[in-house]
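# Chain and residue survey
Spelled out from the first residue to the last, the chains are:
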Amino acid sequence: MTEQQLRALLADMSLAEKFGELQQMPGQYYTDDCIETGINAAFDFTEEEVACIGSALNVLDPARIIEIQKQHIARHPHGIPMLFMLDIIHGYSTIYPIPLAQACSFEPDLVRALARATARESCAAGQHVTFSPMADLSRDARWGRVMEGSGEDPYLNAKMAAAAVQGYQGDDLTAEGTISACVKHFAAYGAVEGGREYGYVDMSERMLRQYYLPAYKAACDAGSGMLMTAFNAIAGVPASGSRELNAILRDEWGYEGAVISDYGSISQMYSHGVIQNPLESTKRAMDGGVDIEMCIHHYRRGLPQLLESGEITTEQLDRAVWRVLNLKNRLGLFEDPYHFASPEKAAKLQNCEDFLQLARESVPRCSVLLKNDGKLLPLSPDADETVAFIGPFLNESDLLGGWVNQKVGRITAATLQETLQARFPARDFTYTAGCALLGAEDAMMAEKKHAAFETDADRRCAMLEEAVAAAKAADKVVLFLGEHPQCGGELAARADIRLPKIQRDLFRAVAAVNDTVVTVVFDHRPVELGDIAETSKALLNVWFPGTMGAAGITDMLFGDAAPTGRTTMSFPHTVGQEPIYYNRLPTDHAPEFSPIYITGYVDCPLDPLYCFGEGLTYTDFAYGEVRLDKATLHAGETLTATVTVQNVGERDGEETVQLYIRDPFASVSQPVKELKGFKRVFIPKGENAEVTFPLTPDDLRFYNEDVDFVWEPGEIQVFIGHDSRVSQYKTFRLEE
Ligand code: NOJ
């Protein structure tokens with residue numbers, strides 16, 4: 001439709017139709033004849049209201065989506081199609097590594113490719129909008145949802161959020177194989193105090209703007225069709241009713257996409273203690289710029305009255321409706337209301353060879369090799385040695401992790417044991433689980449997540465004994481340990497981020513009888529590794545790797561592929577260090593100022609166990625000196641920073657070269673380091689690569705005391721190296 005036609009349509013719509021566009025229905029309300037009944041009857045929806053609903057959430061079956069859409073168009077006074085939305089977080093049916101793992105690739109192209117493949121499956125399956133990417137900066141591993149985002153760095157988060165949007169949407173949302181992104185949760189949901197789910201946030205405006213907002217903005221600038229507001233309040237103002245956030249989004253950034261509330265985030269303003277009834281919540285949410293209310297019915301009750309009383313204006317209502325219509329139009333729904341939905345195509349695309357291959361290849365790029373003493377990994381595929389594969393993940397069929405649509409995605413292609421046996425039928429390998437994923441100590445978590453846990457003490461003992469015997473008899477042990485696959489995502493905050501005790505016991509018992517232990521860790525967050533990190537000779541963090549996890553891990557263990565991911569969240573020594581992140585602000589109690597009065601703890605180092613950007617691969621790299629092509633950088637100019645990186649190891653390999661800056665003296669305290677560039681480079685064994693990074697004064701902007709986004713003249717340090725611990729730098733001056 002042309003804009004003019006769309007405007008004409010809006011002008012011709014009745015109030016009921018307009019209200020309907022702003023109201024979403026949960027998919028389960030649609031019964032067999034596609035008419036809302038059952039629970040909906042309690043809300044007394046009139047037939048007219050039902051006919052005018054603008055969107056539905058969580059309808060999974062493409063044939064059903066087509067049927068609902070068909071009947072809806074026939075019933076709607078103007079035949080306006082519905083939008084179908086779903087949380088498609090790391091794959092639709094083919095599941096890729098969790099988003100946090102994807103970010104560890106430091107490879108926006110990979111994130112784009114995975115989102116693209118996801119969009120192709122989802123589009124054929126009838127979906128129009130995915131509630132992804134999650135752009136919430138996350139500094140606290142206790143928060144269960146860190147698995148959905150990119151980690152602790154604003155620069156990397158912004159690149160990844162934009163790449164995901166581009167992947168889902170392509171250049172043209174009317175094209176086959178695209179879906180609209182919905183960036184979430186605006187804003188600062190990742191900063192909930194103590195990592196507590198549905199918690200509260202308070203922070204300065206400077207912090208919000210400098211660290212938390214850039215990734216949402218990058219997603220909006222990349223054209224994200226939709227944005228979701230957050231559950232949390234910031235400084236007492238619920239994000240779903242915040243005029244301030246709305247002004248940033250609409251007035252400053254000029255975002256024209258549709259805004260949806262999170263599920264219940266409008267009604268939950270009641271829990272925040274700022275509204276008492278649907279009239280107040282509707283008023284606040286509309287003033288806060290929320291166009292669509294997700295699944296709850298405050299708008300339905302509030303909008304008519306508020307419009308009549310003049311507390312909400314017709315222009316305000318029309319603006320909100322316009323944004324929804326506009327998204328429908330961007331998707332081409334007025335021409336093809338089914339947007340290429342096809343159960344046959346969906347069935348062909350789901351878990352097709354190409355996507356499985358992509359999933360498999362992505363595993364090593366997203367996995368982080370944290371330790372590899374004596375180059376224990378990769379193992380030799382044909383050595384004359386015995387290896388015991390032990391651990392509760394050996395036969396676990398869920399290597400997918402949290403946020404997978406159970407009905408379409410809950411399948412791992414093959415377990416680790418099946419994969420290893422198929423790949424090495426002639427090798428002298430032993431296999432034993434050693435323990436269950438969770439033990440009696442995890443009863444509270446297990447019950448909350450509806451997960452099974454070991455209750456039989458005798459069985460626990462017997463399994464442990466079998467594992468110890470296998471470990472004793474083997475030359476090497478590979479242990480597969482980790483968090484429960486359901487203990488990540490929404491409602492999965494943890495106060496104790498160690499691996500379950502039953503698994504720690506297994507580790508200790510195995511490590512006591514075999515000193516060549518490789519540990520492979522599955523997790524949704526940087527867990528507290530404790531003696532697992534200390535005692536394992538090699539440590540491979542695979543996060544939750546997805547459908548092809550077992551194949552990808554086997555590739556890495558035996559050297560068909562090398563792990564090349566770098567962690568994008570710090571691994572703490574202990575949970576007591578949380579929140580922990582590399583880009584902290586300096587204090588006058590830093591070690592360089594006083595050897596005694598240093599910032600931190602008396603019982604634990606200040607730094608994490610593994611820092612941002614850290615990760616090994618199967619070869620080694622040596623860095624030359626940082627070179628800058630200018631001593632002074634003026635407005636309008638670009639400085640080039642260069643480093644020579646040499647592959648000094650025994651294999652070809654890929655290195656992620658990272659550039660950080662520090663502004664040591666500014667009007668407002670600046671972080672000890674900030675990522676401003678990264679490049680993955682392939683360097684053949686024995687060869688060099690010249691890696692260059694451009695820097696402009698705009699890259700050095702920050703929010704000053706007046707919350708203006710400025711750069712200030714002065715000295716800037718440029719660090720280039722392997723990870724955020726890099727210490728070599730060169731200095732230039734920034735001048736007007
Ligand atoms: C609540 C979650 O916070 C949000 O991320 C999700 O998209 C919605 N529920 C819809 O499932």
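Details of the structure are given in the entry above.
Structural notes, computed from the coordinates. (Residues numbered from 1 in each chain as written. Predicted model: local features only at pLDDT ≥ 70, side-chain atom pairs only at ≥ 80, totals over all residues. Heavy atoms only, no water.)

Quick look at the overall build of the chain now. When helices and strands are counted, the chain shows 22 helices and 26 strands. Here the C-alpha radius of gyration of the chain, 26 Å, is about what a compact globule of 736 residues would show, namely 27 Å. Considered along the principal axes of its C-alpha atoms, the chain spans approximately 75 × 65 × 45 Å. Looking at the chain residue by residue over its 736 residues, the buried ones come to 61%. Here the analysis covers contacts within the chain between residues at least 6 apart in sequence; of these, 79% occur between residues at least 24 apart. (Helix = DSSP H or I, 4+ residues; strand = E, 2+ residues; numbered from the N terminus. Rg over C-alpha atoms; globule rule 2.2 N^0.38 Å. Buried < 20%, exposed > 50% of the residue type's maximum accessible area, 1.4 Å probe, protein only. Contact = heavy atoms within 4.5 Å.)

On to the packing of helix H6 (residues 108-124) against helix H7 (residues 154-169). The N-to-C vectors of H6 and H7 enclose an angle of 35 degrees; their axes lie 7 Å apart at closest approach. In the crossing of H6 with H7, the sense of the turn from one axis to the other is right-handed. Across from Pro108, Val111, Arg112, Ala115, Arg116, Thr118 and Ala119 in H6, the residues of H7 making contact are Lys159, Met160, Ala163, Ala164, Gln166, Gly167 and Tyr168. Residue composition of the contact of H6 with H7, grouped by class: eight nonpolar, three polar and three charged. (Axes fitted to C-alpha atoms, helices over the stretch in contact; angles between N-to-C directions. Left-handed = near helix turned anticlockwise from the far one by under 90°. Nonpolar A, V, L, I, M, F, W, Y, C, P; charged D, E, K, R; others polar.)

Counting residues in each nonpolar core, the largest one holds 190 residues, and the members touching the most others are Phe389, Phe480 and Leu557. The element best represented in this core is H6, accounting for eight residues. Discounting residues that sit within four places of it in the chain, leucine 557 has contacts with Leu377, Pro378, Leu379, Phe389, Val478, Phe480, Val518, Val520, Leu540 and Tyr618. (Core = buried A, V, L, I, M, F, W, Y, C linked by side-chain atoms within 4.5 Å.)

A word on the pairing of strand E19 (residues 639-647). Where burial is concerned, most of E19 is hidden: seven out of the nine residues are buried. In this sheet, E19 lies alongside strand E17 (residues 627-628) in antiparallel orientation, the contact comprising two bridges. Among the inter-strand pairings, arginine 627 is bridged to a residue of E19, identified as threonine 642. As paired elements, E19 and strand E22 (residues 688-695) share eight bridges and run antiparallel to each other. Across the sheet, residue glutamine 646 finds its bridge partner in E22, namely asparagine 688. (Pairing = 2+ DSSP bridges.)

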